[in-house]
Structures are given as C-alpha cells and as structure tokens.
Amino acid sequence: MNKFIKKSLIMASAALSPILASATSIDDVYNNYPVNEGMTDEVVVKGDKTCFELWSPKADAVKVHIYCDGINGKPEKCVDMSLDAATGTWHASLDGALYNKFYTFSVKFNGKWLDETPGIWAKAVGVNGKRAAIIDFSKTNPCGWENDKGPEVKAINDVILYEMHHRDFSVHHNSGIANKGKFIALLENGTLSLNGVPTGIDHLKELGVTHVHILPSFDYNSVDETQIPSNTYNWGYDPVNYNVPEGSYSTNPSNPYTRIREMKQMVQALHNAGLGIVMDVVYNHTAEGDGSNFSLTAPGYFYRHREDGSYSDASGCGNETASERTMMRNFIVNSVKYWAEEYHIDGFRFDLMAIHDITTMNLVAETLKKVNPSSFVYGEGWTAGDSPLPVDQRALKESVAKMNGIAVFSDDIRDGIKGHYSRAEDCGFATGKVGLEETVKKGIVAATAHPQVDYSKCNNSTFPYAKSPSEVINYVSCHDDLTLVDKLAISMKGASEDLRLRADKLSQTIVFTSQGTPFIFAGEEVFRNKKGVHNSYKSPDSINAIDWNQKLKYADLFNYYKSLISLRKAHPAFRMTSSEDVAKHLVFDKVKTPLLISYSLKDNANGDSWKEIKVIFNGSPEAQTIKIKKGNWTIVAQDGKIDLEGIETFKGGEITIPGTSATILYIK
Ligand code: CA
C-alpha cells in the first residue's frame, strides 16, 4: 500500500474512556479479556438448528437479527444471545436450517446499543457487505474443485510473481475480454487484443510467470456494489469483511453465492493453467475506526491506541490493528488459513507487514505450511507511520532473519536500480546515476552476507539483513508509486523512447538475474504507463487500465521479458536457496569503473547445466569495456536482445558492453 495517506480517519475511540478510569493502561485492560482460543464460528447450521456465536466479552447484551434480504427490510426475528463468561462468547441457537437468510449482530456496550454488524467472521454477505448470509458452501464449489491444486513450489526462489488488479487487467476496450473487471475474466481462453495478440490468461501463460499476485480481493469498502457495472475504481486497501470476496469483482454482488463461486472458478482456472495465486491481505487496518466490524463487535480490543485513547496510526489510514493481542492474532492466523483451505490460495502478501508482530507472522507461515507445503508468505517490511508496538517486535525488513518462511520486499534493489521511489526525478544505476553500484550488488546477493559487498556504502539498509536469499523479493516497481515506464519518462528527461526501452530492459534484467524472488507489476511487459499518476488508488480506468494494443506495439520488449523469464526458469544458478551458496558461487569481478557491475555464477551453481555464467550490467548510456578470461563463451544476452540458443560465441579478452544494457554469457 502506498505510504501516502489515502484517507484520514483519526478519531478518539469513544468506547475506551469509561473502562480506562480504573485501569493502568489500555493494554492491561484488553490483555485481561477472556479469550476464545479456538475458532469462533459465528454461524453454523447443525441439522435443524442454526447456531450463532460472537466473541464480545465486555458487552452488556448481544442480539442476533435474522433477515430475508441482504440489504433491505426489517428483521424477521431478533433473538437475545447468552454469555459464556469463561470465553467471553455469546451464543444463540435458532430452530431451522436458515439457509439463504441473512443476519447481523448488535452489541450493547457501556449502556448503548451499537450499530448492527455482520460480525468479524462473516464468510458470505449481501450486497456491500452490510449483512452476513447463511449459505451452503458445498454449493459454491465449481465442478472438479475437490481435485483443484496449485503448483508445487520447492523454494520461493523458483516463483515468478505478477502483481495484478482485476480491473486493470481486463477492463480496457482493447482487452477482447467479455467479463471486464471480474474474477471470471481469467476463465476466458483465446482472447485477443484489438490488434490481434493474446490477452487474459493466455497472455500470462505466454509470458511464463508462475504466480499471479492479486491486489486486495476480500470485501472492501470504497466501491458501491449496487452500482454495477458503472462502479468506480479502487485498489481495495480498505477492508470491511476479511473473509468474503469483494462483490464488485463478481457478476452479481447481491447473490451471496456468486462472488464465492466465481472467485473459486478464477483460482481453478489459474491452477488449471499451471499458475499459482497469491492474495494481497490487509489485516493492518480497517476502512473505518469506530464503525468497523471489529469495533462494533468488541469495541477497542482489536486496535492499538495512543495514551490519550485515540487510535494510533501506523497505517496512515486512521487506525492500526493489534496483532499481539490473542484474539487479533487468532483472527489473522485463522483468516489466512481459511483462504488457503476454502479458496486454495497459494500465497499471501502482507500489506504493511511491520505493523504486525514477528510472533504472529511466524505463526501465519507455520500454519499455512501445514495446510499447503507449497505456500509462501511475503510482505512489506515497513510501516507508514510510527506505532506503539516496540521496534524489536515489528515484522520489519531488517528483522526478516528472525522470521521463518517469510520474505520481504527489497526497497534496496528497487531504489538502487531506478532511483528513489518518491523523488520522481531521481535516477538510479540503470539510468546513469553513479554511486549506487554497491546497493545494486546488495540486491544481486539478496541482502545476504557476501564478502564482496560493502554494506556501509549501500542505500537504505546498511547490513545484510537476510539470512537466506529466500527471504527477499526483488522488484523495480509495483502498484504503488510511478510505474517503471513513468519513472523512466520523468527521470530520464529528454531521453528518446529507444533509450528508455533500453533502461527498462536493463532494470528488469537486474531483477530477474538477482538471487531472491522476482516480482513484476502487471503490464510492464507491454510498456504500461499510468500517465504519471503515482498514487492511482482511485484513478479512473483511463489511468489504470492496461492497453493491450501495446503488446504488439512493444513486441520486442514483451519478447525480451519472456526470454528473461525463460532464462531464469532454465537456470537454477539464479535461484540459489542458501546464503552460503551465494557467497561461494557468486563472485564479483574487481571493477573500478563507475556504472559497471560484473559477476560470475561459478561451478555449476545450484546444479546449473552451465559451468560459469557471466552477468555484466552497464548503467552508463556510453559503451564500456571489460576484460573476460579466455574460454569458449557463448553470449546469450547482448545489446537489448536475448537468445538462449546463443547470439554469438566469444573467446575471451576485451568485450564491449553497449550503453544502458546487460550482457550475459556462459561456458558449458
Ligand atoms: Ca465491497
């Protein structure tokens, strides 16, 4: 999520003041709440009974309301619930299997009835997520779902991530896709752009990425689901119901079954194409503060606060959740587990992960591995503002070595390659700025300890924070900030398109050959721009949609990306899994010239069929030369072209690296 504030919702939590009067601290109050260690099933149909429960230990009273409609009309029934004081959980059991009915809870707190809420564990909802729905989940499964399975992943380093927003990907009139902006857009095979090249899921298969990372797809707040198809655009970092798919991505948000079935169909289509799916999750804050489902269920408990009782705001969005508290931790862990089990989601990307504590993140990764050994977790190892959570407990990038099975985004390589993320005119190594060579080298070794990297000269983190290359995600751009294309246009003032395309290829060559896991932003392979808008979270389709006619126009760039992916997939030397291997097999050449980086992957690194691979990056727009030892070299990348069969042979000696380009060669 963008580090810039999207929405300001800072407000004092009115709920807190009365209970604070006799307590020493807010944390003391909440840590003394009785907890429900198991799973809170807010609704379960058991034979001819429908059972409700809600965890809300300090409520004066709780009611459940039954409706026949998802948004309109008065309740058919309102039933008082009774408290089990030991677990702080309220219960009610109603006659009948109430399938296809809707329900809400209301909680009386400090003598006042709060607004109705679908609870925090709604798994199906009506339009706009105001009321939860009681449905038969067996009816949501597409045909063959019981055999659906994501790709096997031995190490995250083998994964190639493609970050995609449903609407960006399919909504353009050139996409050739019928179900524009919908989950089921990915079910359409054989779609073509107006100028006749494959789009949609065929495009993904052709490109060769292994996993699609979808932007938030749980039920979020900002798009009015009653206004389909003219609904507006949003990234979706404003969570409402964490355990239900977003309605606007379905063809009928009013039918609680549709969004669930269609999301599963999308997952199945990706899996059938051999692709995995990663979901972006945003447990760090909610769209609303006092009005959120957390606040209407157990006021105050799920959030962190300042000493004056107001919400603390490490998310920059008005509040932050408190993962260190038992029931919030329990919620996060069980929620990701639910998505992995019910929807077969293969991986999770945690937004502003450092708002969460390390213990919670380790528990998340451990729990997911039990559900699916091929699962993986990565996240943003930073916050967007200060937090009451002590720094040493935060799941920060710099603390990734304390986490197991979790990777962090490398802002080091990102800013090293293209320049500072928010200073638009700043250049990086690939755009000719001297002094970032050591930072790029840190990226190449995935921020592991390497004897030839001088971390004191690096930007951002100045120590080897990763204990293994599996802990780092390499990228040059994502949905946040300028797209690579816009960044190049602004920072390389006056440069020809040809030079910008060269810088684009060089940037991604560094990403795809580096140790760690590569990640690209959807559409960059077709030179996608966002007209210079860096924070396009609510910009119209005219800014965010990918124009698929560009795939033909920039076919040379697309083919370059495709070849880069093939190169990485064919050569495990780029995918080492231990820092010891990287330190041993990755050897930098002693280069004194600025803007030139050269290294070898030696001795059939990680079982590679190539004995030695030489990778050379020239960030200068001028050609530079370097000496290479004698041998039977085959050049596979040179001057903006890649051919795994070999472009030409080379006997060693002085080699010229054309300006703003990468050269890759090998000895068998
Ligand atoms: Ca929604």
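Draft legend 1. The packing of aromatic side chains, seen in detail. Throughout the structure, instances matching the rule amount to 41 aromatic pairs. A cation sits over an aromatic face here: Lys 264 above Tyr 343, 5.6 Å from the ring centre.

Draft legend 2. The arrangement of the sheet that holds strand β17 (residues 406-409) in detail. With respect to topology, eight strands assemble into a closed barrel ordered β10-β11-β14-β15-β16-β17-β18-β19, the strand pairing being parallel. Taking the axes of each pair of neighbouring strands and ignoring which way they run, one obtains an average angle of 30° across the sheet. Bridge analysis of strand β15 (residues 347-350) against strand β16 (residues 376-379) gives four bridges, and the strand direction is parallel. Across the sheet, the residue bridging to Gly 347 is Phe 376, located in β16. Relative to the sheet, helix α5 (residues 256-272) contacts β11 (211-214) and β14 (276-281), its axis offset from that of β14 by approximately 135°.

Draft legend 3. Geometry of the side chain of Asn 157. Positionally, Asn 157 belongs in the loop between β9 (132-133) and β10 (161-164). Aside from chain neighbours lying at most four places away, what touches Asn 157 is Pro 469, Ser 470, Gly 516, Thr 517, Arg 568, Arg 575, Met 576 and Thr 577.

Draft legend 4. Representation of the sheet that holds strand β1 (residues 43-46) in the model. With respect to topology, four strands assemble into an open sheet ordered β1-β2-β6-β5, the strand pairing being antiparallel. Edge positions in the sheet fall to β1 and β5 (82-84), since each of these pairs with one other strand and no more. With strand direction ignored, the average angle separating the axes of adjacent strands in the sheet is 30°. Strand direction decides the pairing type here: strand β2 (residues 49-55) and strand β6 (residues 89-95), joined by seven bridges, are antiparallel. The residue of β6 that forms the bridge with Thr 50 is Leu 94.

Draft legend 5. Structural context of the side chain of Ser 620. As for its placement among the helices and strands, Ser 620 is situated in the loop between β22 (612-618) and β23 (624-628). Note on Ser 620: relative accessible area 10%, which makes it buried. Filtering out sequence-adjacent residues up to four positions away, Ser 620 remains in contact with Leu 595, Gly 659 and Thr 660.

Draft legend 6. Layout of the pairing of β6. Sheet analysis places β5 next to β6, joined by three bridges and oriented antiparallel. Note on β6: the bridge partner recorded for Leu 83 is Trp 90. Hairpin geometry of β5 and β6 is characterised by an intervening segment of four residues between the two adjacent antiparallel strands and by a positive phi of about 65° at Gly 88.

Draft legend 7. Structural view of the coordination of the calcium ion. Taken together, the protein donors to the calcium ion comprise Asp 219 (OD), Tyr 220 (O), Glu 225 (OE) and Glu 246 (OE), at separations of 2.2 to 2.3 Å. Here the donor residues of the calcium ion share one chain and are spaced in sequence as D-Y-x4-E-x20-E. Highlighted residues: Glu 225 in the loop between β12 (218-220) and β13 (239-245) and Glu 246 in the loop between β13 and α5, separated in sequence by 21 residues.

Draft legend 8. Up close: the packing of helix α9 (residues 411-418) against helix α10 (residues 437-444). The contact between α9 and α10 brings their axes to 8 Å, and the two run at 135°. Between α9 and α10, the angle is such that the two are oblique. As for how α9 packs across α10, the hand of that crossing is left-handed. Contacts between α9 and α10 pair Asp 412, Ile 413, Gly 416 and Ile 417 from the former with Thr 439, Val 440, Lys 442, Gly 443 and Ile 444 from the latter. Tallied by class, residues from the contact of α9 with α10 come to four nonpolar, three polar and two charged.

Draft legend 9. A look at the confidence of the model for the protein chain. With 96% of its residues at a pLDDT of 70 or more, the protein chain shows a mean pLDDT of 95. Predicted confidence for residues 2-15 stays below pLDDT 50, and this span has 46 contacts to residues more than four positions away or in other chains.

Draft legend 10. How the structure looks around the pairing of strand β28 (residues 661-667). Among the seven residues that make up β28, seven are buried, leaving the element largely enclosed by the rest of the structure. Here β28 shows a buried face lined by Ser 661, Thr 663, Leu 665 and Ile 667 and a second buried face lined by Ala 662, Ile 664 and Tyr 666. Across seven bridges, β22 lies against β28 in antiparallel orientation. When the sheet's bridge partners are listed, Asn 618 is paired in β28 with Ser 661. Bridge count between strand β24 (residues 633-638) and β28: three bridges; the pairing is antiparallel. Each bridged residue has a counterpart across the sheet, and for Thr 634 the counterpart in β28 is Tyr 666.

Draft legend 11. Summary view of the environment of Gly 347. Within the element layout of this structure, Gly 347 appears in strand β15. Once the C-alpha coordinates of Gly 347 and Val 336 are considered, the two residues, 11 residues apart in sequence, prove to be 9.3 Å apart. Gly 347 has contacts with Ile 277, Val 278, Met 279 and Phe 376, leaving out every residue within four places of it along the chain.

Rules of the game
- Residues numbered from 1 in each chain as written.
- Predicted model: local features only at pLDDT ≥ 70, side-chain atom pairs only at ≥ 80, totals over all residues.
- Heavy atoms only, no water.
- Phe/Tyr/Trp six-rings, centres within 6.5 Å; stacked < 30°, edge-to-face > 60°.
- Lys NZ or Arg CZ within 6 Å of the ring centre and 35° of its normal.
- Pairing = 2+ DSSP bridges.
- Helix = DSSP H or I, 4+ residues; strand = E, 2+ residues; numbered from the N terminus.
- Axes fitted to C-alpha atoms, helices over the stretch in contact; angles between N-to-C directions.
- Contact = heavy atoms within 4.5 Å.
- Buried < 20%, exposed > 50% of the residue type's maximum accessible area, 1.4 Å probe, protein only.
- Donors = N, O, S within 2.8 Å, 3.2 Å for Na, K, Ca; no water.
- Parallel < 35°, antiparallel > 145°, perpendicular 65-115°, else oblique.
- Left-handed = near helix turned anticlockwise from the far one by under 90°.
- Nonpolar A, V, L, I, M, F, W, Y, C, P; charged D, E, K, R; others polar.
- pLDDT = per-residue confidence, 0-100.

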